[in-house]
Amino acid sequence: MATDKSFYSHRDDDPHLTDDDLAEKVLRFIRYATFVDTSGISVMALGGMVVLSGNVAEEADIACAGEAAASVIGVTSVENRLTVRPDETAD
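The sections below set out a description of the structure shown in this document.

What counts, and at which threshold
- Residues numbered from 1 in each chain as written.
- Predicted model: local features only at pLDDT ≥ 70, side-chain atom pairs only at ≥ 80, totals over all residues.
- Heavy atoms only, no water.
- Buried < 20%, exposed > 50% of the residue type's maximum accessible area, 1.4 Å probe, protein only.
- Helix = DSSP H or I, 4+ residues; strand = E, 2+ residues; numbered from the N terminus.
- Pairing = 2+ DSSP bridges.
- Core = buried A, V, L, I, M, F, W, Y, C linked by side-chain atoms within 4.5 Å.
- Contact = heavy atoms within 4.5 Å.
- Salt bridge = Lys/Arg side-chain N within 4 Å of Asp/Glu carboxyl O.
- Axes fitted to C-alpha atoms, helices over the stretch in contact; angles between N-to-C directions.
- Phe/Tyr/Trp six-rings, centres within 6.5 Å; stacked < 30°, edge-to-face > 60°.
- Expected span 1.5 Å × (residues − 1).

Alternating positions in strand E1 (residues 41–46) separate cleanly, Ile41, Val43 and Ala45 being buried on one face and Ser42, Met44 and Leu46 remaining unburied on the opposite face. Linkage of E1 to strand E2 (residues 49–56), two consecutive antiparallel strands, is achieved through a turn of two residues, within which Gly47 is found at a positive phi near 65°.

This is how it looks when you write it as C-alpha cells:
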C-alpha cells in the first residue's frame, strides 16, 4: 500500500500545515498544475511565505511555477528565485 504523497489532492487544502508540509504541498501543486519539471526546484516555507529556488528548463516555467505556488491555500507570499538552467546541448 503506497502512501507517499506524490500527487496533489484537495485533501491537502488544510491552511494550518507545518512549514515542511506546506513546502511539500507547493512542490506537488506546481508539478500537478503546470507540468513543470520540478526536479531542479527547491521550496522553503516559513509561515505562509514560500521561497522557490533552483532552475527550470524554460523562462516561461519561472512564471508558471510562481503563479501556481501563489495559488496554494496557506501561501501568503512567494519569493521566486528560479532561474533557467544553462542549455546543456550548447557548444
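This brings us to the nonpolar core. Formed by 19 residues in total, the largest nonpolar core has its most connected members in Leu22, Val26, Ile30, Val43, Val50, Leu52 and Leu82. Elements represented by at least two residues in this core include exactly helix H1 (19–34), E1, E2 and helix H2 (59–70). In terms of residue count, H1 provides more of this core than any other element does, five residues in total. When residues no more than four places from it in sequence are discounted, the contact partners of Leu82 are Ile41, Leu52, Ser53, Gly54, Asn55, Val56, Ile62 and Ala65.

As a further point, take the pattern of salt bridges. Within the structure shown, the criterion is met by three salt bridges. Between Arg28 and Glu24 there is a salt bridge; the shortest N-O distance is 2.8 Å. Residue Arg28 and its partner Glu24 are both found in helix H1; the two are separated by four residues, about one turn of the helix. Classification of Arg28 as buried rests on a relative accessible area of 5%.

It is worth spelling out the sheet that holds strand E3 (residues 77–84) at this point. Ordered in space as E1-E2-E3, the three strands form an open sheet in which the pairing is mixed. Both outer strands of the open sheet, E1 and E3, are each paired with one neighbouring strand and no more. Averaged over all pairs of adjacent strands, the angle between their axes in this sheet comes to 10°, without regard to strand direction. Lying on the sheet, H1 is in contact with E1 and E2; it crosses E1 at an angle near 140°. H2 rests against E2 and E3 of the sheet, and its axis sits at about 160° to E3.

Here we come to the packing of aromatic side chains. Using the criterion set out here, one finds one aromatic pair in the structure. Measuring from centroid to centroid gives 6.1 Å for Phe29 and Tyr32, while their planes differ by 40°, and the two rings are tilted. Taken together, the positions of Phe29 and Tyr32, both in helix H1 and three residues apart, correspond to about one turn of that helix. A relative accessible area of 45% means that Tyr32 is categorised as partly exposed.

Turning next to unusual backbone geometry. The general pattern is negative phi for most residues beyond glycine and trans for most peptide bonds. For Phe35, which is not glycine, the phi torsion reads 60° and is therefore positive. Position of Phe35 relative to the elements: it lies in the loop between H1 and E1. Under the relative-accessibility criterion, Phe35 is labelled exposed at 73%.

A separate point is H1. In an α-helix there are 3.6 residues to a turn, and that puts residues three or four apart on one side. Spanning 16 residues, H1 covers 22 Å between terminal C-alpha atoms, matching the ideal 22 Å at 1.5 Å per step. Within H1, the full set of buried residues consists of Leu22, Ala23, Lys25, Val26, Arg28, Phe29 and Ile30. On its buried side, H1 packs onto E1, E2 and H2. One or two residues past the end of H1 sits Phe35, with phi positive at roughly 60°.

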